[in-house]
Amino acid sequence: MSQLRRWEIGSEFHWMGLPPGPFVPWPEPASWYLLGRHAVADLLRFLPAQTRRLWVPSYFCHDVTKYWEDFVQVRNYVDDPRLPKPNWSTLQPAPGDVVLAVNYFGIRDGGSWRYWRERKTCILLEDHSHDPASGWARNSKADYAFSSLRKTMPVPDGAILWSPRGLPLPLTPAVDGSGSALKLAAMIWKCEYLEGRATAAAKSVYRKWQLFGEDTFQQSTVVSSVTPYSREYLAPGVPVNWRRRRAANVRRLIRQLQTWSVGQPLFHSWPSDNVPLGGVLRFSSPEERDLVRKRLEDSNIYCPVHWPAPAHCNPVVRELAATILTIPADQRYRDRDMDRVVRILKN
């Protein structure tokens, strides 16, 4: 068996060992969940019965929105990461409605939402999944906020719900971690594979576990608490050095791709106390995006799409979702990895 490390970028996290300090602590008090969608579903059940509607931006994960439709009527308003702020004329909540504000890719500061909120009597719920420790998240004035943590932290499950205004929170539910154990096993197996301690065949094994675990999450109708092992891993907070590394990686990636003629960075800057999820590129057509994505995959660079849009979605949203690609640039990688990604892209 080869002991050479294998080079790979993206896809799900491998096991990274216990996180180093110092940490950005989590807000307290808080309720903890298996998934971000569970946090919102539990909040919707907890709020007064007169809560009639949940307003969700037009550009958002369709699978998650569909899940929430079992709990509340969902309405859309116009917002996406190309806009400096939502199209407020499309957002007309009644008193008691819940409005979801999204910090797309971790690059917004929330200022426009604070100004808008002062004139409304709805319930403002913020989604900080793309940067759980952003300046906006830490200084939020919303009624409630949540973050799905497995987007930025190497855990098989985990989400947090809190109230920046100190409002009552739902009690954390019981644990139904079916699926999570397989995801954790896949993380450990992937670590062994990348370190060269497992054969090449191990990749197909842990990929099956990842997919089966994720499918179990998707099929479950039970709102669950975070698993004990993910909660313990997350307990100290967000590692400061991991945030610094991600920010440095994204800056390096975007700087080297500014003059690239094929794909253009969706953003070039962000608030100083935020960290972007990754480097997001936009292409001239879906065909070009898909070709680049396939060629990156052939070079062991696995890039997610935020978020695939079904045919019935807003045409503007469908076009955006079909032409962007997120290049992973998180704490797993160093300067040389980002440079290698750029070389592969440009070639």
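Cut-off values and rules
Residues numbered from 1 in each chain as written. Predicted model: local features only at pLDDT ≥ 70, side-chain atom pairs only at ≥ 80, totals over all residues. Heavy atoms only, no water. Phe/Tyr/Trp six-rings, centres within 6.5 Å; stacked < 30°, edge-to-face > 60°. Buried < 20%, exposed > 50% of the residue type's maximum accessible area, 1.4 Å probe, protein only. Lys NZ or Arg CZ within 6 Å of the ring centre and 35° of its normal. Disulfide = S-S within 2.5 Å. Patch = residues over 30% accessible without salt bridge, like charges linked within 9 Å, V, L, I, M, F, W, Y side chains within 5 Å. Areas by Shrake-Rupley, 256 points an atom, 1.4 Å probe, with all protein chains shown as cover. Salt bridge = Lys/Arg side-chain N within 4 Å of Asp/Glu carboxyl O. Helix = DSSP H or I, 4+ residues; strand = E, 2+ residues; numbered from the N terminus.

I'd love a proper account of the packing of aromatic side chains, names of residues and values included.
As enumerated under the stated definition, the model contains 17 aromatic pairs in all. Relative to W270, the ring of F267 lies with its centre 6.1 Å away and its plane at 85°, an arrangement referred to as edge-to-face. Comparing F267 with W270 shows no difference in burial state: the two are buried. These aromatic residues form a ring-pair network of at least three members: Y59, F60, W68, Y104 and W307. If you follow R119 out to its NZ or CZ, it ends over the ring of Y115, 3.9 Å from the centre.

With reference to specific residues and values, describe the state of the cysteines.
Tallied over the full model, the rule gives 0 disulfides. For C303, which is in no disulfide, the shortest distance to another cysteine sulfur is to C61 and amounts to 18 Å. Assessed through its relative accessible area of 5%, C303 is described here as buried.

Describe a nonpolar patch on the surface, naming the residues involved and giving the relevant values.
Among the surface-exposed residues, W15, L18 and I188 lie close enough to one another that they form a single nonpolar patch of about 310 Å² accessible area. If you trace the backbone, L18 turns up in the loop between β1 (9–10) and β2 (23–24).

Please provide a residue-by-residue account of unusual backbone geometry, values included.
In this structure, the amide linkage connecting G21 to the following residue, P22, adopts the cis form with an omega of 0°. Residue placement: P22 occurs in the loop between β1 and β2. Residue H306 is joined to W307 through a cis peptide bond whose omega torsion reads -20°. If you trace the backbone, W307 turns up in the loop between β13 (301–302) and α10 (315–323). Here S11, not a glycine, exhibits a phi torsion of approximately 60°, which is positive.

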